[in-house]
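In case you want the letters, here they are:
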Amino acid sequence: MDTASSLAILEGRLGYRLEPALLVRALTHRSYAYENGGLPTNERLEFLGDSVLGLVVTDTLYRKHPDLAEGQLAKLRAAVVQARALAEVARGLDLGAFVRLGRGEEGTGGRNKASILADTLEAVIGAVYLDQGLAAADALVHRLFDPVIERSSNLGAGLDWKTSLQELSAAEGLGVPEYVITETGPDHEKTFTAAARVGGETYGTGTGRSKKEAEQQAAETAWRSIRAAIDGENGKAAADGAPVA
C-alpha cells in the first residue's frame, strides 16, 4: 500500500483530513529519522499534543466532577493520560501499523511498544490541533478518551495504586511496601522495572518509561494479589462456617 492510501485510512479513523507532510511527521519516530539522514521527528508534535490532551482531559474532569478536590482530579487525570491508557487508545486505531520506524525498533516489536504508541498518539493529536484547531482536537480527544475517562472515574483504588497498596498492607498488618527498581536500555529510552515487596515478599512487578509508572504498575499487581488472597481466605472461612473478617 502506498503512503497516500495508508494516510487516507488513518485519516478516516481519525475523522479528519490533515496536511500530508504534517501527518507524516506525526508518524515519524526518531529511529526512522536517524536512519534516513536526520529527518524531522514527531517529538515536537508529541510535546504539543501532550499539552492539548492534558487541557481537554483536565477541562472535562473539572466540569464532570464539581465536588472533587484538586488532588483527586489530579489522580483521575493521571489515570487517563498514563502511557498504558494512551497505548490502548492507539491500539484501537491500529496506530502502530502507520508509524515510521527504524529497522532496529521494527525488529524489536516497536509497533506494539506502549511508549511508542503513546508518543505517536500525542503527536497525532498535536497535528490535528495545528491543522484543524482546538475545537477539532477537542472533539477527537473526546471521541477517543471519553470511555477512558468514564472507566477512570470508577477506578477507586486504581486512582493511586501505591497509596492503595500502602493502605491495604497496613490494614492487614503486612508492613510497609518497598519498591526495588532495575533499568535497561540506553539513556534516551530507558525501561524501568519495579518489584513491589511487602514484608520481604514480592507480590507484583511492573514496567514503564519512568520509575513512577513502573512502581504504579507493580503496586497494582501487588494490590490485586493481596486482595485476591484476602478474598480467598474470607471465602474459605465462610464455607467453613467461621466468621468472616
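The structure we're discussing is the one just above.
Throughout what follows, the structure given in this document is the object of discussion. (Residues numbered from 1 in each chain as written. Predicted model: local features only at pLDDT ≥ 70, side-chain atom pairs only at ≥ 80, totals over all residues. Heavy atoms only, no water.)

### Description of the pattern of salt bridges
Charged atoms that come close allow side chains of opposite charge to pair. According to the stated counting rule, one finds 15 salt bridges in the structure shown. The partner of Lys 190 in a salt bridge is Asp 187, with the nearest N and O atoms 3.3 Å apart. In this structure Lys 190 comes out as partly exposed when scored by relative accessible area, which is 22%. Note on Asp 187: relative accessible area 69%, which makes it exposed. Connected via shared salt-bridge partners are Arg 84, Glu 220 and Arg 224. (Salt bridge = Lys/Arg side-chain N within 4 Å of Asp/Glu carboxyl O. Buried < 20%, exposed > 50% of the residue type's maximum accessible area, 1.4 Å probe, protein only.)

### What about helix H9 (residues 134–153)?
The terminal C-alpha atoms of H9 lie 25 Å apart, and with 20 residues this falls more than 12% below the ideal 28 Å at 1.5 Å per residue. For H9, the principal kink sits at Phe 145 and spans about 55°; a proline, Pro 147, occurs within the next four residues. Looking at the buried side of H9, the elements it contacts are helix H1 (3–14), helix H4 (43–64), helix H5 (70–81), helix H6 (83–92) and helix H8 (114–132). (Helix = DSSP H or I, 4+ residues; strand = E, 2+ residues; numbered from the N terminus. Expected span 1.5 Å × (residues − 1). Bend = angle between axes of the 7 residues up to and from the residue. Contact = heavy atoms within 4.5 Å.)

### A few points about the sheet that holds strand S2 (residues 191–198)
The antiparallel open sheet is built from 3 strands, whose spatial order is S1-S2-S3. Since the sheet does not close on itself, it has two edges, and those belong to strand S1 (178–184) and strand S3 (201–208), each with one partner. Taking the axes of each pair of neighbouring strands and ignoring which way they run, one obtains an average angle of 20° across the sheet. The pairing of S1 with S2 spans 7 bridges and is classified as antiparallel. Across the sheet, the residue bridging to Tyr 179 is Ala 196, located in S2. (Pairing = 2+ DSSP bridges. Axes fitted to C-alpha atoms, helices over the stretch in contact; angles between N-to-C directions.)

### Things to note about the nonpolar core
Leu 27, Leu 95, Leu 121, Ile 125 and Phe 145 are the most contacted members of the largest nonpolar core, which has 44 residues in total. Listing elements by their share of this core, those giving two or more residues are H1, helix H2 (20–26), H4, H5, H6, H8 and H9. When near neighbours in sequence (up to four residues on either side) are disregarded, Phe 145 contacts Leu 53, Val 80, Leu 86, Val 89, Leu 121 and Ile 125. Within the second largest apolar cluster, 15 residues are counted, among which are Trp 161, Leu 165, Ala 214 and Ile 226. (Core = buried A, V, L, I, M, F, W, Y, C linked by side-chain atoms within 4.5 Å.)

### Some points on the pairing of S3
Bridging between S2 and S3 involves 7 bridges; their strand directions are antiparallel. The partner of Ala 196 across the bridge, within S3, is Gly 204. The antiparallel hairpin formed by S2 and S3 contains 2 residues in its connecting segment, where Gly 199 sits at a positive phi of about 60°.

### Re the packing of H4 against H8
For the pair H4 and H8, interaxial distance at closest approach is 6 Å and the crossing angle is 80°. One way to sum up the angle between H4 and H8 is to call them roughly perpendicular. Contacts between H4 and H8 involve Leu 45, Glu 46, Leu 48, Gly 49, Asp 50, Val 52 and Leu 53 on the former and, on the latter, Asp 119, Glu 122, Ala 123, Ile 125, Gly 126, Ala 127, Tyr 129 and Leu 130. Here the contact of H4 with H8 is built from residues that sort into 9 nonpolar, 2 polar and 4 charged. (Parallel < 35°, antiparallel > 145°, perpendicular 65-115°, else oblique. Nonpolar A, V, L, I, M, F, W, Y, C, P; charged D, E, K, R; others polar.)

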